[in-house]
Amino acid sequence: VYLGDLDSARPWHEQYKQDFPSGVDGPWLSIEYFKASGEQLEAANVADEVLGFTRDTFQVDYPLKVIRDYAIDTDRIEDAIDKYRQHLPELFLSEPQINSATISSAIDLVLLLKLSGQNNAVDTLAAGSFELMRTMPRMALGGVELQDAELHAILSNRDAAIEALA
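Residues numbered from 1 in each chain as written. Predicted model: local features only at pLDDT ≥ 70, side-chain atom pairs only at ≥ 80, totals over all residues. Heavy atoms only, no water.

Draft legend 1. Geometry of the pattern of salt bridges. Under the definition given, this model contains 6 salt bridges. We note a salt bridge from arginine 68 to aspartate 108, for which the minimum N-O separation is 2.7 Å. Of this pair, arginine 68 sits in helix H4 (residues 57-74) while aspartate 108 sits in helix H6 (residues 103-115), and the two are 40 residues apart along the sequence. Neither arginine 68 nor aspartate 108 differs from the other in exposure class; each is buried. One salt bridge connects aspartate 82 with arginine 85, and the closest N-O pair in it is separated by 3.0 Å. (Salt bridge = Lys/Arg side-chain N within 4 Å of Asp/Glu carboxyl O. Helix = DSSP H or I, 4+ residues; strand = E, 2+ residues; numbered from the N terminus. Buried < 20%, exposed > 50% of the residue type's maximum accessible area, 1.4 Å probe, protein only.)

Shown next as structure tokens:
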């Protein structure tokens, strides 16, 4: 899939699903396959299935991101926000509870909230995200990496985004 050879990937994908119908990696592989083959609705549907059986905040980030991307492409922003609310309600509190496991989802949610015009929620969630990132290492497991630059870019703070990359 990652090499772009979808014709070769399809039989492997089908065989894996047949051999391991309840395999933990199956849905993740299906998401990647469907995304690579341009089947975004199918990828979003599998991501939604994953959200149905996982409760680990580390494991909801990627499926939510897939649903976010599909929602942006199909103008279903509110549907995606509802998924975030369902799976990460702590991000919707008056004082959002953001931690290293939810920071990426928080930033993704800021984008959705901005696109839906919920500016007060954008400000609250962005402020909480920046506050957490100030306490995190830059480049380490669980570090900020480029997330501050991403958040600045979402907020249209071009100079701050570029500075964060320096």
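Next comes the rest of the description.
Draft legend 2. Spotlight on the environment of isoleucine 98. Looking at the secondary structure, you find isoleucine 98 in the loop between helix H5 (77-87) and H6. For isoleucine 98 and leucine 88, which are 10 residues apart along the polypeptide, the C-alpha to C-alpha distance reads 9.7 Å. Sequence-distant contacts of isoleucine 98, that is, excluding residues within four places in its chain, are made with Leu91, Ile103, Ala106, Leu125, Gly128, Ser129 and Leu132. (Contact = heavy atoms within 4.5 Å.)

Draft legend 3. Main features of the side chain of aspartate 108. The buried category is assigned to aspartate 108, whose relative accessible area is 1%. Among the polar contacts made by the side chain of aspartate 108, one reaches the side chain of lysine 65 at a distance of 2.5 Å. (Polar contact = N/O pair within 3.5 Å; in protein donor to acceptor, adjacent residues only side chain to side chain.)

Draft legend 4. Structural context of the environment of proline 96. Looking at the element boundaries, proline 96 is found in the loop between H5 and H6. With a relative accessible area of 15%, proline 96 lands in the buried category. Residue contacts for proline 96: discarding those within four places in its chain leaves Glu90, Leu91, Thr124 and Leu125.

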